[in-house]
Amino acid sequence: MLINLSNLYSHVKGVVHVGGHHGQECQTYLQHGIQKVCVFEPVPSHFQIMEERLQDPRVHLFNVALGSERKKETMNISDFEGADAEKYKGMSSSILTPKKHLDQYEHIKFNETIEIDVHVLDDFAKENNINPSDYNFMNVDVQGYELEVFKGSDSFLKNMQFVYCEVNRDEVYENCPMVDDIDRLLESYGFGRVATDWAGDTWGDALYVKQ
């Protein structure tokens, strides 16, 4: 996380984390006393690592992707060349096709695709007895697919107080939404963007707080 969220966590009762990778952030959530964490990660190999690491009844893991409609999708799996390859392998995986990413990060390759299940969060929550009112912080890191996740999360966004997500100001992935698109959708739920860190130049992280 590029924006310091430590002060925010004392106000968080539950987290919905979309794009869990290996579950890196979950220990931080638990250390801050957050009692409910739902994590969504569609890549089976990443999900398996997360399951092995997170043996805690407060954390609920789901091996699916989230979007605006229920469907099968093809995911482009990233590979990382260099130091800490295992740590960073797969972090850039996306349903979208990489574009500027290929030039910006030549050491990250996309040589594999897999088929994944995409669910709509609102529908998935009803099917799995997940109560939107138990969660007030949403962290979405899905490599350009963030807007699609939000479009399927109406009942959750109505309950959220904080949203933290990756944003883009260039076409890092083909047809990815720009930060203004994310701003407009979240503004319709009463959120304002209060902090942005453009650590990746073309991409960064943004914190939205319900006004």
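In this report, the structure presented in the accompanying data block is examined. None of the values given here were measured: they were computed from a predicted structure.

## Topic: the environment of M178
Tracing the backbone through its elements, the reader meets M178 in the loop between β8 (162-168) and α9 (179-187). For the pair M178 and S68, spaced 110 residues apart in sequence, the C-alpha to C-alpha distance is 17 Å. Ignoring any residue separated from it by four or fewer positions in sequence, one finds M178 in contact with N168, R169, D170 and E171.

## Some words on the nonpolar core
Grouped together as the largest cluster of nonpolar side chains are 49 residues, with contacts concentrated most on F40, M138, F150 and Y208. Per-element tally for this core: the top contributor is strand β6 (residues 108-120), with five residues. If we skip the residues at most four places from it in the chain, M138 touches V16, V18, L121, V149, F150, S153, L157, M160, F162, V163 and Y164. Counting residues in each nonpolar core, the second largest holds 21 residues, with L5, Y9, M50 and Y164 among its members.

## Some thoughts on α9
Considered for burial, the residues of α9 that qualify are V179, I182, D183, L185 and L186. Where α9 is buried, its residues contact α7 (146-151), α8 (154-157), β8, β9 (191-197) and β10 (203-210).

## Thoughts on the sheet that holds strand β4 (residues 65-67)
Taken in spatial order, the three strands make up an open sheet running β4-β6-β5, and their pairing is mixed. Because the sheet does not close on itself, it has two edges, and the strands there are β4 and β5 (71-80). Strand-to-strand, the axes of this sheet are offset by a mean angle of 50 degrees, without reference to chain direction. Both β5 and β6 contribute to a ladder of nine bridges, which runs antiparallel. Each residue of the ladder has a partner; that of E73, found in β6, is I116.

## A word on the pairing of β8
A large share of β8 lies buried, amounting to seven of its seven residues. Residues F162, Y164, E166 and N168 of β8 are buried on one face, and the alternating residues V163, C165 and V167, pointing to the opposite face, are buried as well. Pairing of strand β7 (residues 137-140) with β8, which is carried by four bridges, proceeds in the parallel orientation. Residue pairing for β8: F137 is matched across the bridge by F162. Bridge count for β8 against β10 is seven bridges, and the pairing is antiparallel. Paired with V163 across the two strands is Y208, which belongs to β10.

## Things to note about the side chain of T202
Among the structural elements, T202 can be located in the loop between β9 and β10. Beyond its immediate stretch of four places on either side in the chain, T202 contacts Q104, V167, N168, R169, D170 and V172.

## Thoughts on the pattern of salt bridges
Taken as a whole and judged by the stated rule, the model has 13 salt bridges. A salt bridge links D117 to K72, with the nearest nitrogen and oxygen atoms 2.6 Å apart. Within this pair, whereas D117 is found in strand β6, its partner K72 is found in strand β5, the two being separated by 45 residues in sequence. A salt bridge links D154 to K158, with the shortest nitrogen-to-oxygen separation between them at 3.0 Å.

## Digging into the packing of aromatic side chains
On inspection of all chains with the given rule, the structure shows seven aromatic pairs. For the ring pair F40 and F62, a centre distance of 5.2 Å and an interplane angle of 25 degrees mean the geometry is stacked. With F40 in strand β2 (residues 36-40) and F62 in strand β3 (residues 59-62), this residue pair connects regions lying 22 residues apart in the sequence. In this structure, F40 and F62 share a single accessibility class: buried. Cluster of aromatic residues (ring-pair linked, three or more members): Y9, Y29 and F137.

## Thoughts on the environment of I77
Tracing the backbone shows I77 in strand β5. Judged by its relative accessible area of 7%, I77 falls in the buried class. Counting along the chain gives 34 residues from I77 to N111, while the straight-line C-alpha distance between them is 7.0 Å. Excluding residues that lie within four positions of it along the chain, I77 makes contacts with V43, S93, K109, F110, N111, E112 and I114.

Parameters and conventions
- Residues numbered from 1 in each chain as written.
- Predicted model: local features only at pLDDT ≥ 70, side-chain atom pairs only at ≥ 80, totals over all residues.
- Heavy atoms only, no water.
- Helix = DSSP H or I, 4+ residues; strand = E, 2+ residues; numbered from the N terminus.
- Contact = heavy atoms within 4.5 Å.
- Core = buried A, V, L, I, M, F, W, Y, C linked by side-chain atoms within 4.5 Å.
- Buried < 20%, exposed > 50% of the residue type's maximum accessible area, 1.4 Å probe, protein only.
- Pairing = 2+ DSSP bridges.
- Axes fitted to C-alpha atoms, helices over the stretch in contact; angles between N-to-C directions.
- Salt bridge = Lys/Arg side-chain N within 4 Å of Asp/Glu carboxyl O.
- Phe/Tyr/Trp six-rings, centres within 6.5 Å; stacked < 30°, edge-to-face > 60°.

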